[in-house]
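Working through the structure, step by step
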Amino acid sequence: MMEKVQLNMTVNGKEVEVLTEPRQLLVHVLREELNITGPHVGCESTHCGACTIDMNEMSVKSCSVFAAQAQGANITTVEGLGSPDGLHIIQEMFKEHHGLQCGYCTPGMITRAYRLLQENSNPTEEEVRFGISGNLCRCTGYQNIVKAIMASADKLNETSEMKESA
Ligand code: FES
Ligand code: FES
């Protein structure tokens, strides 16, 4: 049996310690050791994006990262963006614009949208489509996902303008 290593990370604003085998993939540590099941396992080969998380201010496919590489990392999953009682604007917009059907791609898609809008607060439709091109959805045909992300950009910009003028 492989020797375990202790990892320290910040996940959704909480400092956590996990004892795990260094060969474990980060997505499995999040789901199985920390019970954070927002990141989904789809292809396990970097193609589908269902496992997308935010790590050190980058979108990362957590099936392509060894847990040991996340030592000291700051991680946000879909659970850290909002809660059922206090949805993040992007989550609200996915709901309002029907940006999901089965929901399997949704946590990764929303987490990716979050980083995309952090990097570009006023994207064109083409930029949104390019920005989510690493996240596959088998249900929606993408149209409503793109609408939801464009609407999120508008709402987030409105909210920050309101804060600035307050
Ligand atoms: Fe990670 Fe598909 S499960 S990209
Ligand atoms: Fe089903 Fe995207 S909503 S895979």
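Here is a short report on the structure shown in this document. The model shown is predicted, which means the values in this text are computed figures rather than measured ones.

Read from one edge to the other, the open sheet built from 5 strands follows the order β2-β1-β5-β3-β4, with strand pairing classed as mixed. With one partner strand each, in any of the chains shown, β2 (14-20) and β4 (58-61) form the two edges of the open sheet. Adjacent strand axes in the sheet meet at a mean angle of 40° when their direction is disregarded. As defined by bridge partners, strand β3 (residues 52-55) adjoins strand β5 (residues 74-76) across 2 bridges and the pair is classed as antiparallel. Bridging across to β5, Met55 finds its partner in Ile75. Contacting β1 (5-11), β2, β3 and β5, helix α1 (residues 26-33) crosses the sheet at an angle of about 105° to β2. Taken strand by strand, helix α4 (residues 106-119) contacts β3, β4 and β5, and its axis lies near 35° from that of β3.

Once that is clear, we can look at the side chain of His28. Checked against the element boundaries, His28 lands in helix α1. For His28, the residues in contact, after removing those within four places along its chain, are Glu33, Val41 and Glu44.

This part is about α4. Here α4 spans 20 Å end to end across 14 residues, near enough to the 20 Å set by a 1.5 Å rise per residue. With respect to burial, α4 is a largely interior element, 12 of its 14 residues being buried. Listing the buried residues of α4 in full gives Thr106, Pro107, Gly108, Met109, Ile110, Thr111, Arg112, Ala113, Tyr114, Arg115, Leu116 and Leu117.

With that settled, consider unusual backbone geometry. Its identity as a non-glycine residue notwithstanding, His98 has a phi of 55°, on the positive side. You can see His98 is positioned in the loop between α3 (89-96) and α4. Given a relative accessible area of 56%, His98 falls into the exposed group.

Moving on, we come to the pairing of β1. Here 7 bridges tie β1 to β2, and the two strands are oriented antiparallel to one another. Bridging across to β2, Val5 finds its partner in Thr20. Joining the antiparallel neighbours β1 and β2 is a turn of 2 residues, in which Asn12 adopts a positive phi near 50°. Two elements, β1 and β5, share 2 bridges in a ladder whose sense is parallel. Bridge pairing in β5 links Thr10 to Asn74.

What counts and what doesn't
Residues numbered from 1 in each chain as written. Chains lettered and ligands numbered in written order. Predicted model: local features only at pLDDT ≥ 70, side-chain atom pairs only at ≥ 80, totals over all residues. Heavy atoms only, no water. Pairing = 2+ DSSP bridges. Helix = DSSP H or I, 4+ residues; strand = E, 2+ residues; numbered from the N terminus. Axes fitted to C-alpha atoms, helices over the stretch in contact; angles between N-to-C directions. Contact = heavy atoms within 4.5 Å. Expected span 1.5 Å × (residues − 1). Buried < 20%, exposed > 50% of the residue type's maximum accessible area, 1.4 Å probe, protein only.

Keep in mind these values describe shape, not function.
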